[in-house]
Amino acid sequence: QKEVEQDPGPLSVPEGAIVSLNCTYSNSAFQYFMWYRQYSRKGPELLMYTYSSGNKEDGRFTAQVDKSSKYISLFIRDSQPSDSATYLCAMSEVGGSTLGRLYFGRGTQLTVWP
Amino acid sequence: DGGITQSPKYLFRKEGQNVTLSCEQNLNHDAMYWYRQDPGQGLRLIYYSQIVNDFQKGDIAEGYSVSREKKESFPLTVTSAQKNPTAFYLCASSSQGESDEQYFGPGTRLTVT
C-alpha cells in the first residue's frame, strides 16, 4: 500500500467551476502538507503549504487538512484555463531520520476548458 | 535571480552509456534531492543529500550514483546498470529543517535508446 494515494484523473471542468482535488495517506506521522502545480514538461512549483490540521486560503486556492481522516484537499474557485496542469500533493514527517523528505501522490491531471 | 538550474533540458544516450545530469542551486540551501518522474506516476526519490559530502539512498537508488562535493551542486549519474533510464529527472533543494519546502528545477528529460 502506497503511503500517499491520489486519484490521477484526468479531471476536466468548464471555466468558472469549483475544483476539488484530494489525497489520502496512511502515515499518522505526517505533519506538513503541500500542494504543487506542474505544467507539462516543467518542474513542480509550490502552490500551498500547511502545517497540521486546518484550512489555509490564498486567493482562489484553499487547502484543507483533516488529520483525523488522513485526508487533504485543494479547492480551486473560479477555475481558469491557466489552471490546467497536474496537481501533486506532498507531505512530510516531523523529526526522525527522514528529515525534509517529501512523500508525493501520483498527481491529478486537471483541464479547465473555456 | 535565485533558483535551481538543470542542464541539459533534453538528453539522448545510447544504451550502455553512463550519463551525468547537472543540478546547481544558488539559494544557499543545505539539502538537495533527485527525483524521477514517469508518465502517470508521482515523483520517486532517487537520492538526497542534507549536507556536503553526505548523501542517502532514496526509494529507487539502484543504477544511479551521486556526489555532493559543493553545497551548490548535486550531479546525478545514470549508469548502464539502470534498467529503465528513460524518464523525466527533477532536482530539488530546501533549507535544512523538517518544515522547509522543496523548490524544484525545470527538469531534464533523458531518452535512452
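Right above here is the structure, for reference.
Residues numbered from 1 in each chain as written. Chains lettered and ligands numbered in written order. Predicted model: local features only at pLDDT ≥ 70, side-chain atom pairs only at ≥ 80, totals over all residues. Heavy atoms only, no water.

Some points on the overall build of chain A
Phase 1: A tally of regular secondary structure across chain A gives zero helices and eleven strands.
Phase 2: Scanning chain A from its N terminus toward the C terminus, one meets helices and strands in the order β-β-β-β-β-β-β-β-β-β-β.
Phase 3: Overall, chain A is about 45 × 30 × 25 Å in size when its C-alpha atoms are taken along their principal axes.
Phase 4: Burial analysis of chain A (114 residues in total) assigns 46% to the buried set.
Phase 5: Of the contacts made within chain A by residues no fewer than 6 positions apart, 56% connect residues no fewer than 24 positions apart.
Phase 6: Split by element, the accessible area of chain A, about 5300 Å² in all, is 48% carbon and sulfur. (Helix = DSSP H or I, 4+ residues; strand = E, 2+ residues; numbered from the N terminus. Buried < 20%, exposed > 50% of the residue type's maximum accessible area, 1.4 Å probe, protein only. Contact = heavy atoms within 4.5 Å. Areas by Shrake-Rupley, 256 points an atom, 1.4 Å probe, with all protein chains shown as cover.)

Regarding the state of the cysteines
Residue and element names in this part refer to chain A.
Phase 1: This structure, assessed with the given rule, holds two disulfides over all chains.
Phase 2: Here Cys23 engages in a disulfide with Cys89; their sulfurs sit 2.0 Å apart. Taking the torsion about the sulfur-sulfur bond, which here is approximately -105°, the covalent link between Cys23 and Cys89 counts as left-handed. Of this pair, Cys23 sits in strand β3 (residues 19-25) while Cys89 is found in strand β9 (residues 85-93), placing the two residues 66 residues apart along the sequence. (Disulfide = S-S within 2.5 Å.)

Looking at the pattern of salt bridges
Residue and element names in this part refer to chain A.
Phase 1: Summed over all chains, the structure comprises seven salt bridges over all chains.
Phase 2: The salt bridge partner of Arg77 is Glu57, with a shortest N-O separation of 3.4 Å. Of this pair, Arg77 sits in the loop between β8 (71-76) and β9 while Glu57 sits in strand β6 (residues 54-58), and the two are 20 residues apart along the sequence.
Phase 3: According to the relative accessible area criterion, Arg77 is partly exposed, its value standing at 29%. (Salt bridge = Lys/Arg side-chain N within 4 Å of Asp/Glu carboxyl O.)

Description of the sheet that holds strand β3 (residues 19-25) of chain B
Residue and element names in this part refer to chain B.
Phase 1: An order of β1-β3-β8-β7 is seen for the four strands of this open sheet, with the pairing classed as antiparallel. Among the strands making up the open sheet, the edge pair consists of β1 (4-7) and β7 (64-66). Averaged over all pairs of adjacent strands, the angle between strand axes in this sheet comes to 20°, irrespective of strand direction.
Phase 2: Sheet topology places β7 next to strand β8 (residues 76-78); three bridges connect them, and they run antiparallel. (Pairing = 2+ DSSP bridges. Axes fitted to C-alpha atoms, helices over the stretch in contact; angles between N-to-C directions.)

With respect to the packing of aromatic side chains
Phase 1: All told, the structure shown has 14 aromatic pairs over all chains when counted by the stated rule.
Phase 2: On the basis of an interplanar angle of 85° and a centroid distance of 5.4 Å, the ring pair of A:Tyr36 and B:Phe104 is categorised as edge-to-face. Here A:Tyr36 is found in strand β4 (residues 30-38), whereas its partner B:Phe104 is found in strand β10 (residues 103-104) on a different chain.
Phase 3: Relative accessible area serves as the criterion here: at 0%, A:Tyr36 is assigned to the buried category.
Phase 4: Look at B:Phe104 and you get buried, because its relative accessible area is 12%.
Phase 5: Ring geometry for B:Tyr35 against B:Phe104: centres 5.6 Å apart, planes inclined by 40°, an arrangement best described as tilted. (Phe/Tyr/Trp six-rings, centres within 6.5 Å; stacked < 30°, edge-to-face > 60°.)

Section: the environment of A:Pro81
Residue and element names in this part refer to chain A.
Phase 1: Mapped onto the elements of the fold, Pro81 is located in the loop between β8 and β9.
Phase 2: Taking C-alpha positions, Pro81 is 27 Å from Met91, a pair spaced ten residues apart along the chain.
Phase 3: Beyond its immediate stretch of four places on either side in the chain, Pro81 contacts Glu15, Val112 and Pro114.

A look at the sheet that holds strand β7 (residues 61-66) of chain A
Residues and elements named next belong to chain A.
Phase 1: The sheet built from five strands is open, its strands ordered β1-β3-β8-β7-β6 with antiparallel pairing. The open sheet has two edge strands, β1 (4-6) and β6, and neither has a second partner. Each neighbouring strand pair of the sheet contributes to a mean axis angle of 15°, computed without reference to strand direction.
Phase 2: Summarising the sheet, β7 and β8 pair through six bridges and their orientation is antiparallel. When the sheet's bridge partners are listed, Phe61 is paired in β8 with Ile76.

Purely geometric stuff here, so don't read any function into it on its own.
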